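Here are the chains, one letter per residue:
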Amino acid sequence: MISDSKESALHVVKNALTIRLGGITLRIEHTKKITATLALTLLLTAGLAGCGGSKEENAGGNTEEASNKQVTIKVSNWPKPNEEAKIAQYEQVMAKMKANFPDIIVDKDEWGYDVSSFLPKAASGQLPTVYETFFTETSKIIKANYAADITDTMKKYGYDQAINPDLLKMVTKEGKYYGIPKDGYVIGMLYNMNLFKEAGLLDDKGIPKFPKTYDELAETAQIIKQKTGKAGMFLPTKSGQGGWMFMNIAWAYGAEFEKQVDGKWQAVFNSPEAAAALQYVKDLKWKYDVLPDNNLVDVTNDMFRLFGTDQVAMSFGTNDWSPVIQQQTKMSKDNVAMSALPVGPIGKPVTLLGGGLYMFSPNVTPEQIDAGFKWLKTYGFTPESSEEALTGWDIEKKTLSDQGLIVGPYGLRIWTDEKRIGEEQKILDKYNNVNLDLFRDYMDNGSKGMRAEEPVNAQELYQKLDIVLQTVLTDKNADPLEILTKAAEEFQRDYLDKVK
């Protein structure tokens, strides 16, 4: 999650990088982002995947279905004038579309999903044919009938058999598909190697001594603070990011947030379990003193800077964050390690699963849905393990490696085809430039205990929990259960009571 909206993928533009995590959209300007070369890197794959080959290869072998009747579609998140690298990539895809599907007209729409702007656009019938959103939003979008049933076309092009089923079920209702998962992530732990080394917390192989429980995390953070004088742990508290990360802790303590009772949604986070999780956060500040001095912080402006300049030793995060931190702070690729999240009192792994997806406007025709899929396949988002797609993957990883950015570790895989996974892994191995043992725990265990984000008004819930966190971090006498009870009552009144 980050900044405006949220879910996992890197999108690069000229001097800005956008990361989607859990529904939150991160836009990083200047160094916050990336060089145009990296931009080209992350964007070029899709473009190259659509280059070369026959029409059948690039369109799934369905060119014979083209008719003389023109079909017009509108695609969201079109690059803005200053996004030169992405514009070049889109123009390449457009040229391929015109060559393969002359009867399909693709219109531009720069609009990108935003919680505040979506409803007016949807209610007025102005949604693009194909638009991007986040898993946190799918339930309310489907319930409001603002997404088309794309089941038949999903099956026609094989997406239903090719996408990670844990992601696919998040776009399914009553056996019907209403979206195409395009990326996914699970939350893990990021470690600053320099600070762990300075604190004497590396093992004999040079691997950080990863905390296995939340109690161990607090103890480790305290050692780092005592040995280095730097913050042991970072926890965001604003822009919805605090609630987003706190949910991982609360689940590990056995807390629940939303529950359906007799067909109605109830806010149930005014519980002893949630209070214990909030007390843990409070202790990080007042008992262990391991958090940054500033209590009002976010990921983009604060965590990236502090972590990349050796001011913070540990943070929640995903593997997609490391290239951004490197670009923003010039941090060495060898100064990062990752693990799965610690285990809480419930005694088993739990981590938040998020991501982004494509949806289709509810008023589209079957022909427009088909044209939208052809656009996505030409763009490079396709189940096929084609030579063109792998060439694009190769160039992407080579460019990242040439930039000195981390290549090798992987997160949640989108596609399930073993051949595709194997071919992509060969390319990762080819350009691997870090010690994978530093990331092994995240790669092997990070996806255990995945939990989807809350189904109703998740973004608004995160905002509400931000305030809860801010309260216990600024008031030493704050009572966690009392604060949560008040927040649950407000969330119930303002959101859940309005769900029909």
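Structure report, in brief. (Residues numbered from 1 in each chain as written. Predicted model: local features only at pLDDT ≥ 70, side-chain atom pairs only at ≥ 80, totals over all residues. Heavy atoms only, no water.)

## Quick notes on helix 11 (residues 241–252)
Now for step 1: The terminal C-alpha atoms of helix 11, which comprises 12 residues, lie 18 Å apart, in line with the 16 Å expected from a rise of 1.5 Å per residue.
Now for step 2: Among the 12 residues of helix 11, 12 are classified as buried, and the element is accordingly described as predominantly covered.
Now for step 3: At the exit of helix 11 stands Gly-254, carrying a positive phi of roughly 90°. (Helix = DSSP H or I, 4+ residues; strand = E, 2+ residues; numbered from the N terminus. Expected span 1.5 Å × (residues − 1). Buried < 20%, exposed > 50% of the residue type's maximum accessible area, 1.4 Å probe, protein only.)

## Overview of the pattern of salt bridges
Now for step 1: For the coordinates displayed, the defined rule picks out 21 salt bridges.
Now for step 2: Glu-137 is the partner of Lys-140 in a salt bridge, and the nearest nitrogen-oxygen pair spans 3.0 Å. Here the residue Lys-140 and the residue Glu-137 both occupy positions in helix 5 (residues 135–143), the gap between them amounting to three residues, near one helical turn.
Now for step 3: A salt bridge links Lys-225 to Asp-289, with the shortest nitrogen-to-oxygen separation between them at 3.3 Å. Here Lys-225, found in helix 10 (residues 214–228), pairs with Asp-289, found in the loop between helix 12 (272–286) and helix 13 (299–308); they are 64 residues apart in sequence, far enough to count as distant. (Salt bridge = Lys/Arg side-chain N within 4 Å of Asp/Glu carboxyl O.)

## A look at unusual backbone geometry
Now for step 1: The backbone phi angle of Glu-174 is positive, close to 50°, even though this residue is not glycine.
Now for step 2: For Glu-174, the location among the structural elements is in the loop between strand 7 (172–173) and strand 8 (176–177).
Now for step 3: For Asp-289, which is not glycine, the phi dihedral falls at a positive 55°.
Now for step 4: We classify Asp-289 as partly exposed; its relative accessible area is 39%.

## Quick notes on the packing of aromatic side chains
Now for step 1: Taken as a whole and assessed by the stated rule, the structure comprises 29 aromatic pairs.
Now for step 2: With centroids separated by 6.0 Å and ring planes inclined at 85°, the aromatic side chains of Tyr-185 and Trp-244 adopt a geometry described as edge-to-face. A residue pair is termed long-range when its members are at least 10 positions apart, and Tyr-185 in strand 9 (residues 180–186) and Trp-244 in helix 11 qualify at 59 residues. Pair check on accessibility: Tyr-185 and Trp-244 agree, each one buried.
Now for step 3: On the numbers, 5.4 Å between centres and 90° between planes, the contact of Tyr-191 with Phe-196 is edge-to-face. (Phe/Tyr/Trp six-rings, centres within 6.5 Å; stacked < 30°, edge-to-face > 60°.)

## Concerning the pairing of strand 12 (residues 258–261)
Now for step 1: In this structure, strand 12 lies alongside strand 13 (residues 264–267), joined through four bridges in antiparallel fashion. Bridge pairing in strand 13 links Glu-258 to Ala-267.
Now for step 2: As consecutive antiparallel partners, strand 12 and strand 13 are separated by two residues, and within that stretch Asp-262 has a phi angle of approximately 50°, a positive value. (Pairing = 2+ DSSP bridges.)

## As for the environment of Gly-449
Now for step 1: Counting through the fold element by element, Gly-449 comes out in the loop between helix 18 (440–445) and strand 17 (450–452).
Now for step 2: Residues Gly-449 and Leu-352, 97 residues apart in the sequence, show an inter-C-alpha distance of 8.4 Å.
Now for step 3: With sequence-adjacent residues up to four places away left out, Gly-449 is seen in contact with Pro-349, Val-350 and Thr-351. (Contact = heavy atoms within 4.5 Å.)

## Some remarks on the packing of helix 11 against helix 19 (residues 458–474)
Now for step 1: Where helix 11 contacts helix 19, the two axes come as close as 6 Å, and the packing angle between them is 85°. Regarding the angle of helix 11 to helix 19, the classification is roughly perpendicular. Where helix 11 abuts helix 19, its residues Gln-241, Gly-242, Gly-243, Trp-244, Phe-246 and Met-247 lie against Leu-461, Tyr-462, Leu-465, Asp-466 and Leu-469.
Now for step 2: Considering only residue class, the contact of helix 11 with helix 19 consists of seven nonpolar, three polar and one charged. (Axes fitted to C-alpha atoms, helices over the stretch in contact; angles between N-to-C directions. Parallel < 35°, antiparallel > 145°, perpendicular 65-115°, else oblique. Nonpolar A, V, L, I, M, F, W, Y, C, P; charged D, E, K, R; others polar.)

## Considerations on the nonpolar core
Now for step 1: Residues Tyr-159, Ile-180, Phe-269, Phe-316 and Trp-375 are the most contacted members of the largest nonpolar core, which totals 143 residues.
Now for step 2: There are two domains that each give this core at least three residues, and those are domain 1 (71–177 + 354–381) and domain 2 (188–350 + 449–498).
Now for step 3: Among all residues touching Phe-316, those that are not within four sequence positions of it are Ile-187, Gly-188, Met-189, Leu-190, Tyr-214, Met-233, Phe-234, Leu-235, Met-245, Ile-249, Trp-321 and Leu-341.
Now for step 4: Counting eight residues, the second-largest nonpolar core is a separate cluster that includes Trp-393, Leu-405, Val-407 and Leu-428. (Core = buried A, V, L, I, M, F, W, Y, C linked by side-chain atoms within 4.5 Å. Domains from an automatic or database assignment.)

## Thoughts on helix 13
Now for step 1: Within helix 13, eight of the 10 residues are buried, which leaves it mostly tucked inside the rest of the structure.
Now for step 2: Where helix 13 is concerned, the buried positions are Val-299, Thr-300, Asp-302, Met-303, Phe-304, Leu-306, Phe-307 and Gly-308.
Now for step 3: The N-terminus of helix 13 is capped by Asp-298, whose side-chain oxygen sits 2.9 Å from the backbone nitrogen of Asn-301.
Now for step 4: Residue Asp-310 follows helix 13 closely and has a positive phi angle near 60°. (Polar contact = N/O pair within 3.5 Å; in protein donor to acceptor, adjacent residues only side chain to side chain.)

## Points about the sheet that holds strand 15 (residues 336–339)
In a beta sheet, neighbouring strands pair by backbone hydrogen bonds and run either parallel or antiparallel.
Now for step 1: Overall, mixed pairing links the four strands, which are arranged 11-14-10-15 in an open sheet. Edge positions in the sheet fall to strand 11 (231–234) and strand 15, since each has one partner strand and no second. Strand-to-strand twist across the sheet, computed as the mean angle between neighbouring axes with direction ignored, equals 20°.
Now for step 2: In this structure, strand 10 (residues 188–192) lies alongside strand 15, joined through four bridges in antiparallel fashion. Residue Tyr-191 lies in a different strand from strand 15, and its bridge partner there is Ala-337.
Now for step 3: Contacts from helix 10 reach strand 10, strand 11 and strand 14 (312–317) within the one sheet, and its direction differs from that of strand 11 by about 140°.

The analysis is restricted to geometry; functional conclusions fall outside its scope.
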